[in-house]
Structure formats: structure tokens, C-alpha cells
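Residues per chain are reported as follows:
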Amino acid sequence: MPLDADAIRRGCRGEVTAATQLCGAELGRFKAVAAEDGPLTVACTQQAALFSQVASENNRANSIQFANIRETAGWSGDADRAGPKMAALLAAAAEVAAPTPTVQLESGGVILIYGRDEAAIEAGDLLKEHLDVTVLIAPPAAIAPPRNADYPIAKGRITSVKGHLGAFDVVVDDFAEAAPPSRRALTFGASRNNARSTCDIVLDLTGGPALVPADLRDGYLRADPGSPAAILQAVLKARDLVGTFEKPRYITFDTGLCAHSRSKRTGCTRCLDSCPAGAITPAGNYVAIDADICAGCGQCATACPTGAASYALPAEDALVRKLRAMLLAYRQAGGERAVVLVHDESHGGPLIDALSRFGDGLPANVLPFAVNEVTQIGLESITAAFAYGVSAVRFLLRAKPRHDVSGLTRTIALADPILAGLGFGPARLSVIATDDPDGLIEALRTAPADAPTPRPASFRAVGGKRDVLRFALAELHRAAPAPVDVIPLPEGAPFGAVEVDAAGCTLCLSCVSVCPTSALRDDPERPALRFVEDSCVQCGLCRTTCPENVITLVPQIDFRASRAPTRVLKEEEPFCCIRCGKPFGVKSSIERVVAKLEGQHWMYSGSAQRLDAIKMCADCRVGFVAEQGFESYGAPGPTVRTTDDYLRDRDGKRDPVGRSN
């Protein structure tokens, strides 16, 4: 493949060394460069193991980064124009993210094989020497008895499966154990419902619907009972699921930022609605994310409006920095009209590889951007990409995704009106769902590559997810072809305003007490309701809590919000205590209460002065009631009686007015 070393030098920082056989005849050149122990990126992934071994033998301390510029750039019909693209891929590889924390799963090898016929018995025979096997046959369980009782066999219908690898909890109805003396057909004892069992692995050979989200739960395996090859593949996977396993802790979660609920009122449910693995459950005011179950799709992080849930493989700011390095290097090397192709390694990697080996390869302006899951890409990455000058972003998915991808669909539906409102034009974002390399290249060729951002940004992302998003949106607005201040957004957007019907608002400030982001605030000096739009995430808690139902959510993005002062939604004159002069309430509310009580309530009848108690602060009201000597219930309270009083009553010694002598 041709190498445009000059273009790579323009796009990449540091010294660039070009070679033709770096892993063979020119290996000495690699040893010399690796011995310097500075930051090093090698444009070869095929021989990564060899380069790492040689560097280790030469006592290199720092790690080496590897980039594939062959299948992704050099093996292409546009290889002679792929220099800027190679620079972009090398620059992106040099951006190293922090290590991702992990969780451990322990499996002792106890497996439950759930089937409908003899295929389950055959799987048990294959695994009995490796795992602790139990076979459960779904009713009617009409199968021939096995010759040897090497493991327990029972019948039953699984009604519930919870847990994960090493900790499954299974509930079975119509459960009955097999009788040993079965002859022609396996017979069973008395059955019972709600039987419970625990195991480390579940192998489902029923051919029915998945008991848990398939392909998303570690330790749960499925295979078509009519396919011996599929069963064998599942058996081989199950055999290896013994011991201690590590998986990334995909999501970091901060309960202090969660806007799920307040005061038993439900607000934001975006993460609950988007999780396909069932790893998220309500937990009071917050949600709980089970890291052992989480499959890492990242849709909860992209949906979370506050940044309480954020992706960790890598973190959002690290992902945006990698995107920045790629696009800046591409532009500096002379590349034009960049199209970012977001893909995962398990599906997109082989597809791109096949296209490069047996087809024309990727076009020179299509920059592949590998991530753990395509659905982890959020609005902050999309807005940053267009601020950096990309022409279009394409998301490569499987023709039949492993899980629901509605989170990505919602992210695109949110980004589209923002891009269109700022003058970027239509069709800047799209999904390519295919398993065919020819289908991929056809979609890339027919997709329009619109003109890039006229004033590309170069900011470096730092901080949490919400901070990165605010910064990216501000830079996108600055770089936009036709910037406007306010863009209406679809319902459910994490940005917007709050409108209050001032005539119906009583300034009870219930909305302030439940607002999880302090977007709604009171005023310590006077009765007022204030609003900070930059902090609002449209969770709706204020609307559901308002006793007067006068609050309306307005989904929109106002690019002036970060610089705008606090807006007053409702303000009234305070009512001052008629005795001490201290303000203690809202004037209109006090006057309304007085008007309703005057002549209408027995507690305040009989004396015009009694209504003055309503017009006093708490301290003055206590003294006033004591001075006036009126009881709140309109009659003298009962006399307190002692034991001596009751004893005298018993002996009949009472005075004329009923008091004890």
C-alpha cells in the first residue's frame, strides 16, 4: 500500500518513521526507536505481539499503541489519497484512555440444562465430566430414560430467572424429580410449584423465547435444539465458564445527580426505559445499576440528562478527546469532507476487513471510529464531532442488533433538529444496518457528504458528561453555518424551560423542594420563584409536584442559557407581621386566607381581633393567643384530674360544683 509520509507528518505530532518491513528485515529500526522509551505508536496491528515482545526484551517501560492503517485505509481503491486518513488513525490511537474498573464474577461450574427433549440429555452427557449438571425437561417431558443416572433429571417449567454468571436464581413450576425405575418413558414423582434453585450457568435448549435478554447476560446460553452444531458450540462455551472472570464496570453512577424521584414522586425514567439487559431498578429517590448484569450497551449513559450515569469504556471526555485528535490530524494533513463511521470491533471490524480484502475498501474520507458499543455514543460526541468539522456521522449496526437500539435512535432524533436549526442541513446523521460489506460500501457511497463546518473548533474536552456536553454545544453554536439562539426540541429532550401560570401560582415552592438540579430556586429576601434554564433537565418533578398544576415544560435548547441570569417566574410582595413588622409570607395568600375565614369560621367568630392572629408571624402569634386568652376550640379545656380525685369520687366526697373536697 502507498504511504504518504508527508501527509502523516503534517497531521501527527512527533517524529514519523516510514518503513516497508518493520517486522522483518527492518526490525532493527524498530528496536532503536523503541529503546528511547518515549510515546510510540506503531501502524501495524497484525504483528503487535511481536513488537511488544521485542520491546519487552529490550526493557522498554512505556506501553506501545497500535493502529491499523492497512484494512482501514491502505487497502482501498482510494489508497493514493489516504494519507490524511492514516494521520487521523495514528493520532487517534495515540490518545490513551484511563484503565476501566472491573467487577469479578465467580462460577463454581453448577449448570442447569433446560430442554424439551433428548437433546438436553445429550448435552448433559457431554458436560457431566466437566460441570455439576442438572437437567430440567419442560412438560410434558415425554423422553426415554437414560441408561445411567449420572446427574439429576427433573421436569418443570421455568417461570423466572434472575441473576448472572455464578449467581442465577431460578423459579420452577410443575417441578418433579425423575423416578429411577422408569422403563419405556421417564416417569416423575409428585409435582409442585414455586420450586427454587440456584446455579452458576443456565443452558437453554428449549427453542422458546429467551428467559433473560439473550446475548446480554453472562452465564446464560441459548441454542437451537434442532441444530447439533449450535448445541455443541453452546456446550463448549459452557464448559469454559468455571472460575473467576472479570468484566468491565461499564457505568459509573453518582446518586447525588440522579433525578429519578423526590418525595415519592417519579421524575426521570430515561435509563429505566432504555436498559435492554434489565440491570437498572428503582431504589427510592435514585436508581440502582447492577454492574454484574450490565452488558455495557451504554444507552443509560446517553439517556441520562444529569450525568449521574456515565460510560467508562472510555469516559465521555476521553472519547471526545480521541475524536478531536482524529479530526484535527485529518484536517491538518489536508483531508476534506470527513465522514466518521462509528462501529464496534465485533461486527464492524470484520466487515471493514472483508471490504478491504475482497472489495474496494473504505473511501479516503471515511474515518472508522471503533468503540465498545455503537449505542454508547451520546449527544456530546455527536455535537463535538460537528464542532470539530466533520461532514457527516454514520453508525454501523448489525442487520439484526443483539439488543434494542432505541436509545441511539432517540439520540439521533435529538441531534437532528439541533444540527438542522444551526444550518448544517439534513441527513448529517444516519444508521447503516447491514451484515454485508457490499451493503456498507453502497450506503457510504450514496450518502451525501455535505460541506464541513465553516469555522471548525479545536477545544479539548475535560470534566464530566454534562460539562463536556455544555462545552460541545457552545462550540457547535460558535462554529455553525447559521447560528440561532433558540431551537425547539422533541418531547423528552434533556434541555428546556419551565413556564408557570403566574395567576394560579401561590408560591408554595413545592417545586423548589423537589428540583434535583436546583434549576428552580427561591429568593431568601422576598417571595419569588426563580429559574436557571442551564440547569434544567426536564425531569418533570416540578410539574408532577405542583399542587396548582400551573407548571409546563418547554423542551428547547437556548444557547444563551449558560450566560443568562436567573429568570424570575413569579414574584409577589411579602406580608409583614402587624405586630413586629417582620416579613413572613406572601401578601396575596395571607389576604386570601383572611377573606375566607372572616365571618365564616367559628374559631375566629365573636371578636374581630381574633383574625389578627393570621396576620402575625409565628412568634407574635403565640404571644397574642396567650394575651387574648381564647382557646382554639372555642370552649374551656377539661380540668386535669389526679388519682386523689378519682379516690374521692369513689367515696362520694364531692363539692357542690363537682370538684373533689
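Because the structure is predicted, anything quoted here is derived from the model rather than measured.

**Quick notes on the nonpolar core**
Generally speaking, nonpolar side chains in soluble globular proteins are found buried as a group.
So, point 1. Among the nonpolar cores identified, the biggest contains 53 residues, and L327, V340, F386, V393, F395 and L429 are the most heavily contacted of them.
So, point 2. Those elements that place two or more of their residues in this core are α5 (83-93), α10 (316-332), β18 (339-344), β19 (366-371), α12 (379-387), β20 (392-397), α13 (406-421) and α15 (465-479).
So, point 3. Ranked by the residues each element gives to this core, the list is headed by α10, at 7 residues.
So, point 4. A119, L165, L203 and L241 belong to the second-largest nonpolar core, a separate cluster that totals 30 residues.

**Structural notes on the environment of M616**
So, point 1. Residue placement: M616 occurs in the loop between α18 (587-597) and α19 (618-628).
So, point 2. The exposure class of M616 is buried, given its relative accessible area of 4%.
So, point 3. Here the alpha-carbon distance between M616 and F575, two residues 41 residues apart in the chain, equals 9.2 Å.
So, point 4. M616 has contacts with C577, I578, R579, F584, R621 and F624, leaving out every residue within four places of it along the chain.

**Some points on unusual backbone geometry**
So, point 1. Look at the link from P139 to P140: it is a cis peptide, with omega at 10°.
So, point 2. Along the chain, the position of P140 falls in the loop between β5 (132-137) and β6 (153-164).
So, point 3. The amide bond that connects L313 to the next residue, P314, takes the cis arrangement and shows omega of -5°.
So, point 4. For P314, the location among the structural elements is in the loop between β17 (309-311) and α10.
So, point 5. Look at D174: it is not a glycine, yet its phi comes out positive at around 55°.
So, point 6. By the secondary structure assignment, D174 is in strand β7 (residues 167-177).
So, point 7. One non-glycine residue, S263, lies in the positive phi region at around 50°.
So, point 8. For S263, the position within the fold is in the loop between β13 (261-262) and β14 (265-266).

**Observations concerning the pattern of salt bridges**
So, point 1. A full pass over the atoms with the stated rule returns 24 salt bridges.
So, point 2. The partner of R321 in a salt bridge is D317, with the nearest N and O atoms 3.4 Å apart. Placement of both R321 and D317 in helix α10 is noted, with a separation of 4 residues, approximately one turn of the helix. Assigned by exposure class, R321 and D317 land together as buried.

**Quick look at the confidence of the model for the protein**
In low-pLDDT regions, the fine details of the predicted coordinates are not to be read closely.
So, point 1. Mean pLDDT over the protein works out to 91, with 95% of the residues at or above the 70 mark.
So, point 2. In the model, residues 656-661 has pLDDT below 50 throughout and makes 11 contacts with residues more than four positions away in sequence or in other chains.

**Describing helix α6 (residues 118-127)**
So, point 1. Among all positions in α6, only A119, A120, I121, A123, G124 and L127 are buried.
So, point 2. For α6, the elements touching its buried residues are β4 (110-115), β5, β6, β9 (201-205) and α7 (228-239).
So, point 3. Sitting at the amino-terminal end of α6 is D117, which places a side-chain oxygen 3.0 Å from the backbone nitrogen of A119.

**Section: the sheet that holds strand β10 (residues 220-222)**
So, point 1. The sheet built from 7 strands is open, its strands ordered β8-β7-β6-β5-β4-β9-β10 with mixed pairing. One side of each edge strand has no neighbouring strand; the edge strands of this open sheet are β8 (195-199) and β10. Ignoring strand direction, the axes of neighbouring strands in this sheet form an average angle of 30°.
So, point 2. Where β9 meets β10, 3 bridges bridge the pair, whose relative direction is parallel. For L203, the partnering residue across the bridge sits in β10 and is L221.

**Some words on the pairing of strand β26 (residues 551-558)**
So, point 1. Pairing of strand β22 (residues 486-488) with β26 involves 3 bridges; the strand directions are antiparallel. If you follow P488 over to β26, its bridge partner there is Q556.
So, point 2. Where strand β23 (residues 496-500) meets β26, 5 bridges bridge the pair, whose relative direction is antiparallel. Within the sheet, the bridge partner assigned to G496 lies in β26 and is P555.

**A look at the packing of aromatic side chains**
So, point 1. What the rule picks out here adds up to 6 aromatic pairs.
So, point 2. Ring geometry for F386 against F424: centres 5.9 Å apart, planes inclined by 65°, an arrangement best described as edge-to-face. Here F386, found in helix α12, pairs with F424, found in the loop between α13 and β21 (429-433); they are 38 residues apart in sequence, far enough to count as distant. We note that F386, like F424, is buried.
So, point 3. For the pair F575 and F584, a centre-to-centre distance of 5.7 Å together with 85° between the ring planes defines the contact as edge-to-face.
So, point 4. Owing to a relative accessible area of 12%, F575 belongs among the buried residues under this scheme.
So, point 5. Given a relative accessible area of 29%, F584 falls into the partly exposed group.
So, point 6. An aromatic cluster is present here, built from Y388, F459 and F471 joined pairwise through their rings.

**With respect to the side chain of S406**
So, point 1. Mapped onto the elements of the fold, S406 is located in helix α13.
So, point 2. Residue S406 is classed as buried on the basis of its relative accessible area of 19%.
So, point 3. Within the structure, the side chain of S406 is placed 2.7 Å from the side chain of D404, a separation counted as a polar contact.

**Concerning the sheet that holds strand β24 (residues 520-522)**
So, point 1. Within the open sheet, the 3 strands sit side by side as β24-β25-β27. Their pairing is antiparallel. Strands with a single pairing partner mark the edges of an open sheet, and in this sheet they are β24 and β27 (567-571). Each strand of the sheet is rotated relative to its neighbour by a mean of 30°, with strand direction disregarded.
So, point 2. Bridging between strand β25 (residues 528-531) and β27 involves 4 bridges; their strand directions are antiparallel. Its bridge partner being in β27, L529 is matched across the sheet by K570.

Reading the values: the criteria
- Residues numbered from 1 in each chain as written.
- Predicted model: local features only at pLDDT ≥ 70, side-chain atom pairs only at ≥ 80, totals over all residues.
- Heavy atoms only, no water.
- Core = buried A, V, L, I, M, F, W, Y, C linked by side-chain atoms within 4.5 Å.
- Buried < 20%, exposed > 50% of the residue type's maximum accessible area, 1.4 Å probe, protein only.
- Helix = DSSP H or I, 4+ residues; strand = E, 2+ residues; numbered from the N terminus.
- Contact = heavy atoms within 4.5 Å.
- Salt bridge = Lys/Arg side-chain N within 4 Å of Asp/Glu carboxyl O.
- pLDDT = per-residue confidence, 0-100.
- Polar contact = N/O pair within 3.5 Å; in protein donor to acceptor, adjacent residues only side chain to side chain.
- Pairing = 2+ DSSP bridges.
- Axes fitted to C-alpha atoms, helices over the stretch in contact; angles between N-to-C directions.
- Phe/Tyr/Trp six-rings, centres within 6.5 Å; stacked < 30°, edge-to-face > 60°.

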